[in-house]
Structure formats: C-alpha cells, structure tokens
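Topology and contacts: notes
Spelled out from the first residue to the last, the chains are:
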Amino acid sequence: MLHRYSLNNPKIELKSDLSAHNPLYIYLCPNRDYLLYTDSINELLEHKEVTKPLAVREESISFLLQSGIVPLPYTIYQDIFSVGIGDIATVRTINSKITIDFSHNFPFKDSYRDESMDIDENKIIELLATATTSKLNCSNPTYLFHSAGKDSNMIALALAEAGVQKEITCLTHKSKGEQDESEISKNIATKLGFKHQKLYLPKKLQSKELNSIENYFENAPFPSVDNVTLAYPIYATQVNFDMSNIIDGSGNDVYMGHIPTQVEFTKQRLFSKLHHFRVFTDYLDSSNKLRNITLTRAEWAGINGFSFGDAKKIFKPTTNNYEYWREMSKQRDKWNYLEVRADIWGSFVESDRVIRKSRNLASIYHANLILPWCNQEVATYFSKLPSKVLYNKKELKNKLILRKILKDKIGLDSDKLGKMAFSFDFFSILMMMRSEVVREIIECKLWNREEIEYKVLSLIKYSNRYSKNRVLLQRLYLISAWYNKSRYIKK
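In what follows, the accompanying structure is described. Here the structure is a predicted model, which means the values were calculated and not measured.

Considerations on the overall build of the protein chain
Helix and strand counts for the protein chain come out as 20 helices and 12 strands. Seen along its three principal axes, the alpha-carbon backbone of the protein chain occupies a region of about 60 × 60 × 50 Å. A burial count over the protein chain gives 59% of its 491 residues as buried. By sequence separation, contacts in the protein chain at least 24 residues apart represent 75% of the contacts at least 6 residues apart. Total accessible area on the protein chain is roughly 21,300 Å²; 49% of this is exposed by carbon and sulfur atoms.

Structure, rendered in structure tokens:
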C-alpha cells in the first residue's frame, strides 16, 4: 500500500522489516512538498504523482562503475530512495520543505546474541516452512531456485516436511564442468518429491532470447551489474514466470556469519591500512592487481570495479568513491572483520547486487517473490542464536547448524561436497551478441565518446589475459543497455 507524507505533517520514521524482505521505497518530489512511500517499487514507479521520466543520479553511476552497487539509501534515481537493513529515514518539514535524514544501525552484531540460547532444529524447519507457505499464491505456479547449497536445500527440506513439495518446481542452472550442480540438485529434489527443471545456456542466441533481454532492460526497475544478471532473461524463455511464485534462498549471510576465505581474511588484515596510497593506485589500469592492496577494509567485503582514473575517462561526472568507503571503514574501525563483512555485504552488496536480480525478475513478470531467509521471524530467531552454532572463526566455516540438519535429514554432506560457486558463463553470452554489446555501450549517452570505444575494444582484446576485463565489459553493457532502453528514465 502506498502512503503519502505532506508538508507540515508530524515527523515520522520509516524502516523496513528486520532483514528487508520488503525494502521501503521513497519518492520525494522535486519541489519537496510531498513524499510517497511503499514496499512495492512497481506501485511507486507507476503512480501518477511520480513525475516521469525520472532523472538518473550521476553519483550512482559512479558507484556502479567503481563499486558495483549503489549503496542504500540512494538508488539510481535522483528522487527515489530505498530503506533496507538497519536503515532509518526520518521525515520532517523544515522551512516549508520536506527533508529526509538517513541513519544506519547494523542490527545483527554478535553482542546482540544470546550465547546461552538452546537450538531447536525443528523450529528452524517450521519457521522456514511458514515463512514460505504463508506467502504462496497457491493458484499460480511456484518455482524454487535450487542448487547443491545449504540455503536453498534448507528451504526445500522445510517445504517437503510441510507437505507442499508436489506443487513446486525446483529450477537449477546447468553449468559447464566440475561446478555443475544440476545433477546433485535433481537428485535431492527427486528424493524430496519436487518436480525439477534444468535451465540451459543456449549455444546460440535466437530471437526469443534477444527479445527477452531487451524486455528485461526496458522494464527492470533498477540496473543490476551482478555476473549472473543476463541469466534471468534467458531463464524467462524457458520458464513462464508470469504471475508465478518465485522462491529465492538469498538473504541470510547478513545474520548467519558471512565468512571470508582464508586468503581474503589475511589480505584485509595485512593490506587495509595501505588505503592511503590510493592517491597512486586510483590512476592505475582497472585490471592492475596492485589496486587490491589499497582497498579499504569495507571494500574487501565484495566492493570492486573500475579504477577512479578509468571511470573518470569514460564518465566525465565521476566522483571518487574512495572517500565514501574510507568513512564506512572508519565507522566500523573497532568491529571484527566478520561483522564488517556481514554489514557491508548483507546490508549493501547482497541487497543491491545479489537479490536485485530476483527482485527485477519479479517486477518485470509481476511475480510474487518470496525470500524465506529474509522473513522477520526467521531473521529474528537466527539473530539471537549463539555464534558457535552458526560459524567457526578459527576454521572460517559457516552455517554449522544448516550443515548438521541437512546431513542428518537428507544426507547432504556440505563438508564433503565443498563450496560450489554458481557458475554462469556470462562472457559467452556477451560474445554471442558481440556487435550488439559494443553498439549498446558506444552509443550510450552516459559515456565520453572519445574514450569509450577504445576502452571497450581494449577490454575485449585483453579479456583472456585479465579475467576482470570480462566483468568490467559486462558491467559497461549492463549499465548501458539499461540506460538506453529503460522506460522510466530521462535520457
């Protein structure tokens, strides 16, 4: 439901639910005499009082280029804000203008946990089942994005024990090589009584895939530069998502213990004090690995992209994001790195890059997105559990209780299986439509025409030598195609 705040109304504070299953979206009209807010971005964008086309916020483009996200509460639009995990928007009238003051208080610190609390495995399963089934529209088809991982399998187990699995189809991407999870997923799904469907990467893009990609960029509320973004419009040619229920297992890293690799943990400890040398590394080529040793502590938690020097060449209004991340790190200077990582990743990166893919998919196809791990009751329960049942700091091992439940209940040994990162060959998709990709980027009005053509061709030329060039090429394409095609924005 959409709400309105008018001039001289009493002060209000706006928050999302605890783990931001439904972030709040705020529109502050350009002359600052009324404000609208809702937890539905479609409702906000389609509302008659939201002046369209919307203006793009130049600083947000800078963040997408250099950091891969737009940190909340800001969005890609000048006049639209988003209130997520730990955010508070204080709205009041000052001097006949509506103002918004934002603050952020991370709600999942270890000091808030009850270290004497007893674990109840059955309660965990019941909470996940209720978090999902209570939001299902049973008259429409239901799909669960499923893998060999712990998060989606806990949801699958909970739904199976609730007896609703026969009405749900598990969807799994068919990857190449050893990282393929589709057979493991199929075996688990079949064992639990679900239907199962593999999703394929086409060997050649046909008109249906190209049309779906164009439809995605035209109707996606926000740009997403996640490496798996292009998979979703391709999935939409294999599955009819219209008005469906979409279940996604993202969203629990923020309170479950977002554990780094040993390499990352060591590097952030050794190098994060060297960020003062950014005055030099900011002007290195984006693929230069020396840039990594001058990352701030906050940036080690998944923040990456073009160097400031490269971003400035291709996007003239670029601002340097270093000062922002330095301040974020300073505010968390006394925190342990696991809490820094949980806050930066969970509150900012996961919300704007990881979950954004599913939110966009649901918005485009008017689907019902269900994020069981973001459910208020689920997040509250896990936020109080003793840290020792969730992760081991010495061994850098996470989600201990989920590993135990899955091994006991369905024989899934996550320790033996190891970490299987989702593998989507986005670069092959880019190369299948290389001419279209190059055209979209070069003709995009955001970029400096004198520099962008050289940068694109350079990224392609050296894509085999520097894998990061592939990521950066895709980032330019995802931003450009969204900007060129979006029906919401002022070009």
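Observations concerning the nonpolar core
Judged by nonpolar contacts, the single largest core of 82 residues is most densely connected at L65, L230, F241, W447, L476 and Y477. Looking at which element gives the most residues to this core, the answer is helix α20 (residues 467–485), with 10 residues. Once residues lying within four places of it in the same chain are set aside, the contact partners of W447 are I61, L65, I314, F315, I441, I452, L476, I479 and S480. One finds F194, V254, V389 and L406 within the second-largest nonpolar core, a separate group that totals 66 residues.

Structural notes on the packing of helix α9 (residues 262–271) against helix α13 (residues 337–364)
Packed helices, taken two at a time, are described by the angle their axes make and the gap between the axes. For the pair α9 and α13, interaxial distance at closest approach is 11 Å and the crossing angle is 105°. Comparing their axes, α13 and α9 come out roughly perpendicular. Contact residues: α9 offers E264, F265 and Q268, while α13 offers Y337, L338 and R341.

Some details on the pattern of salt bridges
Summed over the entire model, instances satisfying the criterion amount to 26 salt bridges. Here the salt bridges do not stand alone but share partners, grouping E436, R439, E440, E443 and K485 into one network.

Quick word on the pairing of strand β6 (residues 87–94)
Bridging between strand β2 (residues 12–14) and β6 involves three bridges; their strand directions are antiparallel. Among the inter-strand pairings, I12 is bridged to a residue of β6, identified as V91. As judged from the eight bridges shared by β6 and strand β7 (residues 97–104), these two strands associate in the antiparallel manner. Directly across from I94, in β7, lies its bridge partner K97. Two successive antiparallel strands, β6 and β7, enclose a turn made up of two residues, where N95 displays a positive phi of approximately 55°.

Considering the environment of S244
Position of S244 among the secondary structure elements: in the loop between α7 (231–235) and β11 (245–247). When sequence neighbours within four positions are dropped, the list of residues in contact with S244 reads N140, P141, Y143, A367 and N368. Within the local environment of S244, its side chain forms a polar contact with the backbone oxygen of F241, the two atoms lying 2.8 Å apart.

Here's the deal with a nonpolar patch on the surface
A contiguous nonpolar patch, built from F277, V279 and F280 and spanning about 340 Å² of accessible area, is present on the exposed surface. Tracing the sequence through the fold places V279 in helix α10 (residues 278–281). Classification of V279 by relative accessible area gives exposed; the value is 55%.

A word on the environment of D101
Tracing the backbone shows D101 in strand β7. Measuring from C-alpha to C-alpha, the distance between D101 and E13 comes to 9.5 Å, with 88 residues separating the pair along the chain. Leaving out residues up to four positions away in the same chain, D101 has contacts with I88, A89, T90 and R92. Within the structure, D101 has its side chain in polar contact with the side chain of R92 (distance 2.7 Å).

Quick notes on the sheet that holds β2
The three strands lie next to each other as β2-β6-β7, forming an open sheet whose pairing is antiparallel. This sheet does not close on itself; its edge strands, each paired only once, are β2 and β7. In this sheet, neighbouring strand axes are inclined to one another by 25° on average, regardless of whether the strands run parallel or antiparallel.

Some remarks on the packing of aromatic side chains
Taken as a whole and judged by the stated rule, the model has 27 aromatic pairs. Arranged with centres 5.5 Å apart and planes meeting at 80°, the rings of Y216 and F217 form a pair that is edge-to-face. As far as burial versus exposure is concerned, Y216 and F217 are alike and both buried. Ring-pair connections join several aromatic residues into one group, and the members of that group are F106, F108, Y255, W335, W373, Y381 and F382. Over the ring of W335 we find R332, and its NZ or CZ is 5.4 Å from the ring centre.

Some points on the state of the cysteines
Should the sulfur atoms of two cysteines be covalently bonded, the bond is a disulfide. Within the structure shown, the criterion is met by zero disulfides. Counting only cysteine sulfurs, C138 is the nearest neighbor of C170, a cysteine outside any disulfide, at a range of 16 Å. Its relative accessible area of 0% is what places C170 among the buried residues.

Quick word on helix α5 (residues 182–192)
An α-helical turn contains 3.6 residues, so any two residues separated by three or four positions project in the same direction. All of the buried residues in α5 are S182, S185, I188, A189 and L192. Looking straight down α5, one finds that the buried residues subtend no more than 130° of arc, so they occupy a single side. For α5, the exposed residues lying more than 90 degrees away from the buried face are T190 and K191. Those residues of α5 hidden inside the fold are in contact with α4 (150–161), β9 (168–173), β10 (195–199) and α15 (400–410). Count one or two residues on from α5 and you reach G193, which has phi positive near 95°.

Cut-offs used in this document
- Within each chain, residues carry numbers counting from 1 in the order of the written sequence.
- Reporting of local features is limited, given that this is a predicted model, to residues whose pLDDT is at least 70; pairs of side-chain atoms are given and counted only at 80 or more, and all residues count toward the totals for whole chains, interfaces and linings.
- Side-chain measures here rest on the full set of heavy atoms in the structure, leaving out hydrogens and waters.
- Numbered from the N terminus, helices here are DSSP runs of H or I no shorter than four residues, and strands are runs of E no shorter than two.
- Exposure is judged per residue with a 1.4 Å probe applied to protein chains only, and the accessible area is read against the type maximum: over 50% gives exposed, under 20% gives buried, and values in between give partly exposed.
- Whether two residues are in contact is decided by their heavy atoms, any of which lying within 4.5 Å being enough.
- We get accessible surface area from the Shrake-Rupley algorithm with a probe of 1.4 Å; when it comes to residues, only the shown protein chains can shield them.
- Put simply, buried Ala, Val, Leu, Ile, Met, Phe, Trp, Tyr and Cys residues joined by side-chain atoms within 4.5 Å make one nonpolar core.
- Helix axes are fitted only over the stretch in contact, all axes being lines through C-alpha atoms; the angle between N-to-C directions runs from 0 to 180 degrees.
- Should an angle fall under 35 degrees it is called roughly parallel, over 145 degrees roughly antiparallel, and 65 to 115 degrees roughly perpendicular, with every other angle called oblique.
- The term salt bridge refers to a side-chain nitrogen of Lys or Arg lying within 4 Å of a carboxyl oxygen of Asp or Glu.
- Two strands qualify as a pair provided DSSP detects at least 2 bridges between them.
- Polar contact criterion, stated in full: a pair of N or O atoms within 3.5 Å, where within protein one must be able to donate a hydrogen and the other to accept it, and residues adjacent in sequence count only if both atoms are side-chain atoms.
- A residue counts toward a patch only above 30% relative accessible area and without a salt bridge, and it is joined to like-charged neighbours within 9 Å or, for Val, Leu, Ile, Met, Phe, Trp and Tyr, to nonpolar neighbours within 5 Å.
- For Phe, Tyr and Trp, rings pair up if their centres lie within 6.5 Å, where Trp contributes its six-membered ring, and each pair is then called stacked (planes under 30 degrees apart), edge-to-face (over 60) or tilted (otherwise).
- Lysine NZ or arginine CZ positioned within 6 Å of the ring centre and within 35 degrees of the ring normal marks a charge as sitting over the ring.
- Cysteine sulfur atoms that pair up within 2.5 Å are treated as a disulfide.
- Think of it as the arc spanned by the lines of direction from the helix axis to the C-beta atoms.

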